[in-house]
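# Structure at a glance
Here are the chains, one letter per residue:
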Amino acid sequence: MTAIWSFPTRIVFGVGESRRVGDEARALGMTRALIVTDPGVEHAGLCLPITASLTAAGVEASVYAGIDGNPTEANIEGGAHAYAGFRADGVICIGGGSPMDAGKLIALRARCALPFEELDDAIDGGRHIPNDLPPLITVPTTAGTGSEVGRAGVVTVRSTNRKTVIFAPALLAKLAILDPQLTRSMPARTTAATGFDALTHCVEAYLAQGDHPMADAIAYAGVELVARHLATACEQGDDMEARGAMMKAAMMGAVAFQKGLGACHSLAHPLSSECGLHHGLANALCLPAVLEFNEAAVPERVRELGRLLGADAAQSTAAIVRRLRTQVGLPSGLQQLGVTDAQLPQLADKAFEDACHRGNPRPCTRDDLLKLYQDSF
């Protein structure tokens, strides 16, 4: 079944719907599209049907696959050079959160040359971002970040080696195509890690400071989808209902976190930039400790999340999250991924510099963040 939503990005959802990307690109005025992806997606052949659809619609395409798992300034610069060299007039992102984030920032570079340090959301840098960015279409092949409907791009800036959030409504895609078929080849571990990213977005948005009833409702429903479908998506990768539900949960998490995020994301970002951990996996390892930390501030909300995830009266929300993490085959601590105790103080410094914890329902000091790393070790 095909469904079309606008919230505010126009979203097309349905098995096989990626076949319409060519006609959609042409309708947006694209004549020469730069496809932004990563080597894994390109090698898996997932760009080929997209390129064929574009060609059939009369849209020329060039593929730029120079995106790392955690996008860097060099990745964006390479993409901006490819965009200019191809004389592109639009960007199509295919892949997980990294190509999505990178594609937005490559489109940004077509109109804005300011250093990313000046565009950092932590200093309200989004006010410098122009509104006339090239049209952007996002086609996710994972179900985690929700970046396909988000208004932010994350890049590791070389001057600080810190993950930096660039945020502005102008970065929203004109169209997102959610085709569960494209997630079918995702391995179980990647399905689990990206699924935990979606869960963490929904959880942190629901617990974040502030009054945003629409975001709360969307986050709540996203947690429910993860609870019902993540394990099935990991265990039965051909189950299109579960795959589709996880794509919905990822999208909903990204919509909801316009309300804010929290300490878990501040902990996860340095684990990616400093230690190379997959972002969703980093969230999975830190989320239970953050839930325990936040329960003192918002006990009813934390317990409600536990009920959604299947906790009984005797179980804490953190315990049920740990159980789900084990069920889907993810490790239980940072040490298992090669993070050392000696790295934790520097990671805590970076986490405190990260703006996400400002939305946490319980204020965090640098020492609080260090203790949360230790509790996740």
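Remember, predicted model here, so these are calculated numbers, not experimental data. (Residues numbered from 1 in each chain as written. Predicted model: local features only at pLDDT ≥ 70, side-chain atom pairs only at ≥ 80, totals over all residues. Heavy atoms only, no water.)

### Regarding the overall build of the protein chain
A count of helical and extended segments in the protein chain gives 15 helices and 9 strands. Its C-alpha atoms give the protein chain a radius of gyration of 19 Å, within 12% of the compact-globule value 21 Å for 377 residues. Taking the principal axes of the C-alpha coordinates as reference, the protein chain spans close to 60 × 45 × 40 Å. Excluding contacts between residues fewer than 6 apart, the proportion of contacts in the protein chain whose partners are at least 24 apart in sequence is 76%. (Helix = DSSP H or I, 4+ residues; strand = E, 2+ residues; numbered from the N terminus. Rg over C-alpha atoms; globule rule 2.2 N^0.38 Å. Contact = heavy atoms within 4.5 Å.)

### Notes on helix H9 (residues 240-256)
For H9, spanning 17 residues, the distance from its first C-alpha to its last is 24 Å, which sits close to the expected 24 Å at 1.5 Å a residue. Of all 17 residues in H9, 15 are buried; the element is thus mostly enclosed. The N-cap residue of H9 is Asp239: its side-chain oxygen and the backbone nitrogen of Glu241 are 3.0 Å apart. (Expected span 1.5 Å × (residues − 1). Buried < 20%, exposed > 50% of the residue type's maximum accessible area, 1.4 Å probe, protein only. Polar contact = N/O pair within 3.5 Å; in protein donor to acceptor, adjacent residues only side chain to side chain.)

### Comments concerning the packing of aromatic side chains
For the coordinates displayed, the defined rule picks out 2 aromatic pairs. Ring centres 5.9 Å apart and planes at 55° place the aromatic pair Tyr206 and Tyr220 in the tilted group. Separated by 14 residues along the polypeptide, Tyr206 in helix H7 (residues 188-207) and Tyr220 in helix H8 (residues 213-235) bring together distant segments of the chain. Taking the relative accessible area as the measure of exposure, Tyr206 reaches 10% and is therefore buried. Residue class for Tyr220 comes out partly exposed when judged on its relative accessible area of 28%. (Phe/Tyr/Trp six-rings, centres within 6.5 Å; stacked < 30°, edge-to-face > 60°.)

### Overview of the pattern of salt bridges
Tallied over the full model, the rule gives 21 salt bridges. Taking the shortest distance from any N to any O, the salt bridge between Arg26 and Asp23 comes out at 3.4 Å. Here Arg26 pairs with Asp23, and both are found in helix H1 (residues 21-27), just 3 residues apart, close to one helical turn. With a closest N to O distance of 3.0 Å, Arg158 and Glu77 form a salt bridge. You can see Arg158 sitting in the loop between strand S7 (152-157) and strand S8 (162-167) and its partner Glu77 sitting in helix H4 (residues 73-86), a full 81 residues away along the chain. What makes Arg158 exposed here is its relative accessible area of 52%. (Salt bridge = Lys/Arg side-chain N within 4 Å of Asp/Glu carboxyl O.)

### What about the environment of Arg87?
On the secondary structure map, Arg87 appears in the loop between H4 and strand S5 (90-95). Spatially, the C-alpha atom of Arg87 lies 7.1 Å from that of Arg32, the residues being 55 residues apart in sequence.

### Considering the environment of Leu108
Tracing the chain through its elements places Leu108 in helix H5 (residues 97-109). Distance from Leu108 to Asp132, taken between C-alpha atoms, is 9.2 Å for residues 24 residues apart in sequence. Excluding residues within four positions of it along the chain, Leu108 makes contact with Phe116, Leu119, Ile129, Pro130, Leu133, Ile166 and Leu171.

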